[in-house]
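The primary structure of each chain is shown beneath.
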Amino acid sequence: MKKILVTGANGYIAKHIIADLYKNKYSVVGTLRNIKNSKDVQADIENYLNDNIDITFKQASLDSDTGWDDASKGCDAIIHTASPFPIEYVKNELDLILPAKEGTLRVLRAAKNNSVNRIILTSSNAAVYAGNKHINIFDETIWSNINVKGVRAYTKSKTVAEKAAWDFCKKNPSILLTSINPVLVWGPGIGDHSSSASLKIFDMLIKKELPMVPKVKIPIVDVRDVSMAHVNALKNKNTQNNRFLISEGTYWFIDICKNLIKLNIDAPNKQAPSFLIKLLSFFDKKLKEITPFLNYDFKIKADKAKKILGFDPISLEDTLKDTKSYLSSMSKK
């Protein structure tokens, strides 16, 4: 039985990956910043699988060398999901960029030290489409231009971290890397992830905390599809040394709301004039981060993932319905 190290084992995507690894007869080592969370993480996954799992947890943090060599020992591959993802405005962008980059390099150095030659990296569409408003169709050959004014700290962190990983593997060709680059991830969590950044956006819509939505396009993918993309990448040699964009589709915010309304969810039903968003952005730093994307029409191509990874996305309707049910169940606890 192959043993897989999953970093950031308490994460929204990571728990699904661990569950899918067990479904595919792998064993798992999971890293946590705080080992005290291990019992809760294990219980969440066991409840989801309705089965007991034999999982090992190791304490390791992106901002420290401690623990990574120990966690990597005896593993056949590493799925590196751990990365900071804030919903609030970040004052000092280095608070995101450095942990993402240095944490990724720590994982890769530990892999090299322990002869772990297979790495699956959870990157992001943030490393692909930002700062490229002259482009309307995105594929895996494109990288975000983080030198453009207004690019978010999170976008910079994902771009810098993924580029650092590819540079490291170029210098160490024995390590075979695959990056999975999902877009905005929704879908049901395993355990309580209602405070995750992506689900907070969904929660704001279904609670109608925004009376109007900006004219911004949002690419969506289901967390269950993201998870299986990682596991399928692990199983498929044709994914080695490749990036994969994972997206069900790209929608205007107002169209997502219309789909929610069709499901009898009281979502916002008006689109804010773009001049108003720009005006308000002078007073709200979070709005300032979305102004570069106002009125910008683009598409994300997932053809490569469909062809090589067998990516067959869950429909937007099912993702919206299941995410709503999940968040409703969390609010009752």
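All values reported here derive from a predicted model rather than from experimental measurement.

### Some details on the side chain of Ser 274
For Ser 274, the position within the fold is in helix α9 (residues 274-280). On the accessibility criterion, Ser 274 (14% relative accessible area) is buried.

### Describing empty space enclosed by the protein
Scanning the entire structure with this criterion turns up two cavities of 30 Å³ or more. If you trace the largest cavity, you find it lined by His 80, Ala 82, Ser 83, Ala 100, Thr 104, Leu 121, Thr 122, Ser 123, Lys 158, Ala 161 and Glu 162. Those elements giving two or more residues to the lining of the largest cavity turn out to be α4 (94-113), β5 (118-122) and α5 (153-171). Of the residues forming the lining of the largest cavity, the biggest block, three residues, is contributed by α5. For the lining of the largest cavity, the residue count by class is four nonpolar, five polar and two charged.

### Remarks on a nonpolar patch on the surface
Taken together, the side chains of Leu 279, Leu 280, Phe 282 and Phe 283 present a nonpolar region at the surface, about 490 Å² in accessible area. Checked against the element boundaries, Phe 283 lands in the loop between α9 and α10 (285-290).

### Overview of the environment of Phe 298
One can find Phe 298 in the loop between α10 and β12 (299-300). On the basis of relative accessible area, Phe 298 is assigned to the buried category, the value being 2%. C-alpha separation for the pair Phe 298 and Ile 218, spaced 80 residues apart in sequence, amounts to 9.3 Å. Ignoring anything within four residues of it in the chain, the contact list for Phe 298 reads Tyr 129, Asn 136, Phe 138, Lys 217, Pro 219 and Thr 250.

### Quick notes on the sheet that holds strand β11 (residues 249-252)
Strand order in this open sheet of three strands is β8-β9-β11, and the pairing throughout is mixed. For this open sheet the edge positions go to β8 (184-186) and β11, each flanked by a neighbour on one side alone. Strand after strand, the sheet turns through a mean of 45° between neighbouring axes, direction not considered. Direction of pairing for β8 relative to strand β9 (residues 217-222): parallel, over a ladder of three bridges. What sits directly across from Trp 186, in β9, is Asp 222. Packed onto the sheet, helix α7 (residues 223-235) meets β8 and β9 and runs at close to 65° relative to β9. The sheet strands contacting helix α12 (residues 316-331) are β8, β9 and β11, and the helix crosses β8 at an angle near 60°.

### Thoughts on the sheet that holds strand β1 (residues 3-7)
Spatial strand order, β3-β2-β1-β4-β5-β7-β10: seven strands in an open sheet with parallel pairing. At either end of the open sheet lies a strand with only one pairing partner, and these are β3 (56-59) and β10 (242-246). Direction aside, neighbouring strands of the sheet carry axes that sit 20° apart on average. Alignment of strand β2 (residues 27-32) against β3, held across four bridges, turns out to be parallel. Counterpart to Gly 30 in the pairing with β3 is Phe 57. Strands β1, β4 (77-80) and β5 of the sheet are contacted by α4, whose axis makes an angle of about 175° with β4. Contacting β1, β4, β5, β7 (176-182) and β10, α7 runs over the sheet at an angle of about 165° to β5.

Rules used throughout
- Residues numbered from 1 in each chain as written.
- Predicted model: local features only at pLDDT ≥ 70, side-chain atom pairs only at ≥ 80, totals over all residues.
- Heavy atoms only, no water.
- Helix = DSSP H or I, 4+ residues; strand = E, 2+ residues; numbered from the N terminus.
- Buried < 20%, exposed > 50% of the residue type's maximum accessible area, 1.4 Å probe, protein only.
- 1 Å grid on protein atoms, 1.4 Å probe; cavity = no way out; pocket = protein on both sides within 12 Å on 5 of 7 lines; lining within 4 Å.
- Points joined across faces, edges and corners; volume = space filled by probe spheres on them.
- Nonpolar A, V, L, I, M, F, W, Y, C, P; charged D, E, K, R; others polar.
- Patch = residues over 30% accessible without salt bridge, like charges linked within 9 Å, V, L, I, M, F, W, Y side chains within 5 Å.
- Areas by Shrake-Rupley, 256 points an atom, 1.4 Å probe, with all protein chains shown as cover.
- Salt bridge = Lys/Arg side-chain N within 4 Å of Asp/Glu carboxyl O.
- Contact = heavy atoms within 4.5 Å.
- Pairing = 2+ DSSP bridges.
- Axes fitted to C-alpha atoms, helices over the stretch in contact; angles between N-to-C directions.

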